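Secondary and tertiary structure notes
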Amino acid sequence: MFGIVRPCSHRLGERLKSQWMAHLCGLCLALRGDHGQFARVVTNYDGLLISVLTEAQAGSGGGRRRTAGPCPLRGMRTASVAQGEGARLAAAVSLVLASAKVRDHVADGDGLLARRPVAVAARRVARSWGRAGERGGAAVGFDTAVLVDAVDRQVGLEALAGPGTSLLTVTEPTETATAAAFAHTAVLAGRPGNAVPLAEAGRLFGRLAHLLDAVEDRAADAEAGAWNPLTATGTPLTEARRLADDALHGIRLALRDVEFTEGRLAHLLLAHELERSVDRAFGTSSCGHAHPGAAHEGRAAFGPPPQMPAPPERPRGLLAGCAVALGLFCTCQVCCADEFEGPWSRRRREGCCTNCDCGNCDCGCGDCCNCDCCDGCDCCGCDCSC
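About the thresholds
- Residues numbered from 1 in each chain as written.
- Predicted model: local features only at pLDDT ≥ 70, side-chain atom pairs only at ≥ 80, totals over all residues.
- Heavy atoms only, no water.
- Salt bridge = Lys/Arg side-chain N within 4 Å of Asp/Glu carboxyl O.
- Helix = DSSP H or I, 4+ residues; strand = E, 2+ residues; numbered from the N terminus.
- Buried < 20%, exposed > 50% of the residue type's maximum accessible area, 1.4 Å probe, protein only.
- Contact = heavy atoms within 4.5 Å.
- Core = buried A, V, L, I, M, F, W, Y, C linked by side-chain atoms within 4.5 Å.
- Axes fitted to C-alpha atoms, helices over the stretch in contact; angles between N-to-C directions.
- Parallel < 35°, antiparallel > 145°, perpendicular 65-115°, else oblique.
- Left-handed = near helix turned anticlockwise from the far one by under 90°.

It is worth spelling out the pattern of salt bridges at this point. For the structure on display, the rule yields 15 salt bridges. Between Arg207 and Glu175 there is a salt bridge whose closest N-O contact spans 2.9 Å. Here Glu175 lies in helix H6 (residues 167–188) and Arg207 lies in helix H7 (residues 195–224), a separation of 32 residues in the sequence. Like Arg207, the residue Glu175 is buried in the burial classification. Among the ionic pairs, Arg203 bridges to Glu200, the shortest N-O distance being 2.8 Å. Taken together, the residues Arg203 and Glu200, both in helix H7 and three residues apart, mark about one turn of the helix.

Right, dumping it as structure tokens:
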């Protein structure tokens with residue numbers, strides 16, 4: 001999983017966690033159903049926002065949910081998952097942007113992609129994803145050309161950027177792409193009046209995504225000699241933080257003008273969890289339930305709840321245990337599961353966040369009730385002027 005909005009399951013509460021899982025599984029299954037099994041690897045947290053916003057405006061009725069079959073990441077249980085145009089749009093956008101990301105890594109010769117045979121295979125995958133995303137977008141009335149154009153312009157802007165270039169010049173293509181995707185959710189939900197404020201929220205979300213990616217990668221890019229927008233434009237971290245905080249404020253203002261049917265999850269993600277993402281990137285706060293043994297909040301990202309079978313008597317071997325350990329970390333079960341099976345010993349272990357304190361608000365959404373940005377929102381069900 002990748003993305004900047006990574007909510008912890010303990011802050012979501014049971015009801016919103018179920019909704020979040022419905023969109024996570026819905027995106028994954030939409031990718032598989034429309035584009036094949038391999039396409040599921042582009043499932044990402046930020047892409048879920050497209051599905052979340054569509055349902056928040058239209059409501060979860062009208063056939064927008066279905067019962068999915070058993071899945072290993074759900075402990076082989078069935079589940080109610082999001083379906084329909086919102087999930088399909090999220091899948092199309094995820095494929096197109098993943099295609100662009102792969103092409104970018106190939107062009108930079110990152111890691112194994114510096115080897116010609118691997119680079120050739122990666123280009124084929126990128127082309128396949130790009131075409132699949134185009135078909136998926138057309139199926140829901142969305143022209144992915146705006147995304148492709150943004151990616152192409154990004155390359156040119158980066159080549160021209162230098163000391164003194166405005167950082168917002170570099171982030172503009174990403175802003176344009178996310179604005180178009182956010183705005184189209186209003187079309188899918190039959191709420192055309194929401195298109196303008198959602199485009200503004202999407203534009204600023206794209207700015208944040210680009211900024212936070214640059215901040216988190218700055219040290220690694222410097223070590224590898226890779227291009228980074230902050231380094232290339234000479235932008236200090238203080239200015240990047242100011243731009244990020246301004247974008248957060250703008251997103252909150254834009255959301256006030258959006259007419260939602262069921263907006264609690266969308267508001268929590270974009271008005272609250274996004275702020276945590278900014279703090280995490282700039283190192284100004286940590287997860288409320290971090291403790292010795294948890295390296296950083298990024299490992300407390302929400303993942304599918306495990307329901308592991310009873311452990312066999314014999315422990316796993318080295319290689320099998322490594323494979324299971326990789327799966328546990330990739331699905332965030334080590335941090336956010338109540339219990340998980342030890343990858344080698346098979347013993348039951350508690351997740352890192354099991355006995356945590358997720359904030360002082362008892363309404364199930366962290367510090368939502370102590371914010372100054374809500375003005376009458378219903379992200380939590382308590383009487384605390386939220």
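That was the structure; now back to the text.
Moving on, we get to the environment of Met76. Within the secondary structure, Met76 sits in the loop between strand E1 (65–71) and strand E2 (77–82). Excluding anything up to four places from it in sequence, Met76 contacts Pro70 and Cys71.

Turning our eyes to something else, we now look at the nonpolar core. Residues Phe182, Phe205, Leu208, Ile251, Leu270, Leu274 and Phe282 are the most contacted members of the largest nonpolar core, which totals 78 residues. For Leu208, the contacting residues outside a window of four places in its chain are Ile4, Ala244, Ala247, Leu248, Ile251, Leu274 and Val278.

Interaxial distance between helix H3 (residues 85–108) and helix H4 (residues 116–139) falls to 8 Å at its minimum, and their mutual angle equals 155 degrees. When the interaxial angle is binned, H3 and H4 end up roughly antiparallel. Along this stretch, H3 crosses H4, giving a crossing that reads as left-handed.

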